[in-house]
Amino acid sequence: MTDLALVSRSAGGAVATVTLNRPEALNALSLALEAALRDAFAALAEDDAVRAIVLTGAGRAFCAGVDLKELGSGAGMGRIWHGPGSLSHLMRDSKAPIIAAVNGPAITGGLELALQADFIVASEAARFADTHARVGITPSWGLSQILPRLIGPARARRMSLTGGFVDAKTAYEWGLVTEVVRAADLLPRAEALAAEIAETDALAAGRIRGLMAAGEGRPLEEAFRMETEMFDRHMAGVTPEAVEARRAAVQARGKRIAAGAGA
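The rules behind each value
- Residues numbered from 1 in each chain as written.
- Predicted model: local features only at pLDDT ≥ 70, side-chain atom pairs only at ≥ 80, totals over all residues.
- Heavy atoms only, no water.
- Helix = DSSP H or I, 4+ residues; strand = E, 2+ residues; numbered from the N terminus.
- Rg over C-alpha atoms; globule rule 2.2 N^0.38 Å.
- Areas by Shrake-Rupley, 256 points an atom, 1.4 Å probe, with all protein chains shown as cover.
- Lys, Arg positive; Asp, Glu negative; His and termini not counted.
- Charge placed at Lys NZ, Arg CZ, Asp CG, Glu CD.
- Axes fitted to C-alpha atoms, helices over the stretch in contact; angles between N-to-C directions.
- Parallel < 35°, antiparallel > 145°, perpendicular 65-115°, else oblique.
- Left-handed = near helix turned anticlockwise from the far one by under 90°.
- Contact = heavy atoms within 4.5 Å.
- Nonpolar A, V, L, I, M, F, W, Y, C, P; charged D, E, K, R; others polar.
- Phe/Tyr/Trp six-rings, centres within 6.5 Å; stacked < 30°, edge-to-face > 60°.
- Lys NZ or Arg CZ within 6 Å of the ring centre and 35° of its normal.
- Pairing = 2+ DSSP bridges.
- Core = buried A, V, L, I, M, F, W, Y, C linked by side-chain atoms within 4.5 Å.
- Buried < 20%, exposed > 50% of the residue type's maximum accessible area, 1.4 Å probe, protein only.
- Expected span 1.5 Å × (residues − 1).
- Arc of directions from axis to C-beta.

Colleague: Any details on the overall build of the protein chain? Residues and values, ideally.
Modeller: Helix and strand counts for the protein chain come out as 11 helices and nine strands. Computed over the C-alpha atoms, the radius of gyration of the protein chain is 18 Å, within 12% of the 18 Å expected from 2.2 N^0.38 for a compact globule of 263 residues. Expressed along its principal axes, the backbone C-alpha trace of the protein chain runs to roughly 50 × 40 × 40 Å. Accessible surface for the protein chain amounts to roughly 12,400 Å². Of this, 56% is attributable to carbon and sulfur atoms. Seen as two clouds, the 28 positive and the 30 negative side-chain charges of the protein chain have centres 7 Å apart.

Written out as structure tokens, the structure reads:
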């Protein structure tokens, strides 16, 4: 395990906090960071003492999504996109509930990463966006199915088709996040919630969580398969050159937004 994914413990070891530690790149998911996160979640899955997991980002971002610079160079095209062994599969298969503590921007793959958690707590600085359509890639971690179920189809379409940002207050009003707190309070609050989970009966809590998942899971899994098939067909036609061109467009848009010129 590398220092790209930091793991710390609290509540007597019952709460594990996993921190994406690539702040200079807004915690963009490079192959190395993704591998480090897979290693971290795989190791935690083997530790029966872990009752809850908090996932957060170092610096000013939660996660800017897949590293488009790496993907545009061709280096990131061979990653484990979905299925057994993927980061999303490890998170969804986690025996311990996961709380996403979103401290800043959670964009595209970063939003998908947060959506793998059981629920999301956000700081006032959190911002959410799905720019898959702007980048020219379809989702592979279930966003097209989880997001509409969470915030409603129309709002999900608005996010995914425009690529626009949703602030923390709006995300709370829409039901994307369960709570918004001050930045300084985010990690303590998320770890406190995780500690509350750790205090419950493990068997009962696990079965309740399983029942909730099963209630959504049957049709959702069918939808996941549809998304996976579409993703595979789509990615067969995506070239590194196309990704690089879209990355330049995304960067230009980001500069316009930062300058106050709008999208």
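Colleague: So what about the packing of helix 6 (residues 143–151) against helix 7 (residues 153–162)? Which residues, and what values?
Modeller: Two elements in contact, helix 6 and helix 7, have axes whose closest approach is 7 Å; the angle formed by their N-to-C orientations is 130 degrees. It follows from the interaxial angle that helix 6 and helix 7 lie oblique. Here helix 6 and helix 7 pass one another in a crossing that is right-handed. Residues Leu 143, Leu 147, Pro 148 and Ile 151 of helix 6 form the contact with helix 7, whose own contacting residues are Pro 153, Arg 155, Ala 156, Met 159 and Ser 160. For the contact of helix 6 with helix 7, a count of residues per class yields seven nonpolar, one polar and one charged.

Colleague: So what about the packing of aromatic side chains? Which residues, and what values?
Modeller: By the definition in use, this model includes one aromatic pair. Its end group placed over the ring of Trp 81, Arg 79 keeps NZ or CZ at 5.4 Å from the ring centre. A cation sits over an aromatic face here: Arg 127 above Phe 165, 4.0 Å from the ring centre.

Colleague: Residue-level account of the sheet that holds strand 2 (residues 15–20), with values.
Modeller: Strand order in the open sheet formed by six strands is 1-2-3-4-6-9, and the pairing between neighbours is mixed. Of all strands in the sheet, those bounded by a partner on one side alone are strand 1 (5–10) and strand 9 (179–181). Ignoring strand direction, the axes of neighbouring strands in this sheet form an average angle of 25 degrees. Bridge analysis of strand 1 against strand 2 gives six bridges, and the strand direction is antiparallel.

Colleague: Please set out the nonpolar core residue by residue, giving values where relevant.
Modeller: Within the largest apolar cluster, 47 residues are counted, with the highest numbers of intra-cluster contacts made by Leu 55, Phe 128 and Leu 176. With six residues, the single largest contributor to this core is helix 1 (residues 31–45). The residues contacting Leu 176, other than those within four sequence positions of it, are Leu 111, Leu 115, Ile 120, Phe 128, Leu 147, Leu 150, Ile 151 and Ala 171. With 12 residues, the next largest nonpolar core counts Ala 52, Ile 99, Ala 101 and Ala 194 among its residues.

Colleague: How would you explain helix 9 (residues 186–198) if you had to name every residue and give the values?
Modeller: With 13 residues, helix 9 extends 18 Å between its outermost C-alpha atoms, agreeing within 8% with the 18 Å of an ideal straight helix rising 1.5 Å per residue. All of the buried residues along helix 9 are Leu 186, Ala 190, Leu 193, Ala 194, Ile 197 and Ala 198. For helix 9, the angular spread of buried residues about the axis comes to 150 degrees, placing them on one side. Residues of helix 9 that are buried sit in contact with strand 2, strand 3 (52–57), strand 4 (98–102), strand 6 (119–123) and strand 9.

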